[in-house]
Amino acid sequence: MSDAQQEFRELLHAQRVWEAPLPSFDPSAAPPAPLPLFHAWFAEAVAAGQTEPHTMTLATADADGRPDVRTLMLHDADERGWHFATHATSAKGRQLAARPYAALGFYWPVQGRQVRVRGSVTPAARAESRADLRARSTGALAAALTGSQSEALPSVEDLARASEAAWERARDEPDAEAATWTRYAVDPLEVEFFQGDARRRHVRLRYRRDGDGWVRELLWP
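Everything in this summary refers to the structure shown in the same document. (Residues numbered from 1 in each chain as written. Predicted model: local features only at pLDDT ≥ 70, side-chain atom pairs only at ≥ 80, totals over all residues. Heavy atoms only, no water.)

## Things to note about the packing of aromatic side chains
Using the criterion set out here, one finds 12 aromatic pairs in the structure. Ring geometry for Trp18 against Phe194: centres 6.3 Å apart, planes inclined by 40°, an arrangement best described as tilted. Placement of Trp18 in the loop between helix H1 (3–13) and helix H2 (34–47) and of Phe194 in strand S7 (residues 181–195) is noted, with a sequence separation of 176 residues between them. Residues Trp18 and Phe194 agree in their burial class; the two are buried. Considering the side-chain rings of Trp41 and Phe193, the 5.2 Å spacing of their centres and the 85° angle between planes classify their relative orientation as edge-to-face. You can see Trp41 sitting in helix H2 and its partner Phe193 sitting in strand S7, a full 152 residues away along the chain. One exposure class covers both Trp41 and Phe193, and it is buried. (Phe/Tyr/Trp six-rings, centres within 6.5 Å; stacked < 30°, edge-to-face > 60°. Helix = DSSP H or I, 4+ residues; strand = E, 2+ residues; numbered from the N terminus. Buried < 20%, exposed > 50% of the residue type's maximum accessible area, 1.4 Å probe, protein only.)

## With respect to empty space enclosed by the protein
The final tally for this structure, using the stated rule, is one cavity of 30 Å³ or more. Taken as a whole, the largest cavity encloses approximately 50 Å³ of empty space. If you trace the largest cavity, you find it lined by Arg126, Ser129, Arg130, Leu133, Arg134, Asp175, Ala176, Glu177, Ala178 and Trp181. With five residues, helix H4 (residues 126–134) is the largest single contributor of residues to the lining of the largest cavity. (1 Å grid on protein atoms, 1.4 Å probe; cavity = no way out; pocket = protein on both sides within 12 Å on 5 of 7 lines; lining within 4 Å. Points joined across faces, edges and corners; volume = space filled by probe spheres on them.)

Okay, structure coming up:
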């Protein structure tokens, strides 16, 4: 084993989690549907000082069934599902076109909490996707107007030139359109809430879709 590998392993094994007191979670008091509990947990994560609580991992699969994952921002969570946006021509956009299912993961370590969402994915109407882009910052619009997401980039100089042009256009045309920008909603079939415990007696509550309602069940940690 190389010295660098040994140093990495020692550093890795020295890390600890959940050193601060964690909140309790009584699953018997949870609401009958997952959305109100997600809203409550999100608000509590913000109040606890969680950094970027609106970021999440998005897992998809390509046409051959190979998994892919990345981190992006939540745009909303309502009765239609959990919302995010990307270019339809990006890697994840193409994957969702081939296999319209996804999983989301939220991790809020300040409170030792995770939320997992699995379900089908539906693209929004063009008008809603346009409105989503207009509601974002100048920087977000510039990013959406820069290049072809997920395509090979010849050089960092090409990125700098394209980005500068996109920023200038975003400032001059705040209503500029990115034709492939698409908002998506994950309609959940399952939503799991995980409350960590320092003694590893984690509480896991899963909501599973059953017709128009939900079945709640505890899971072994």
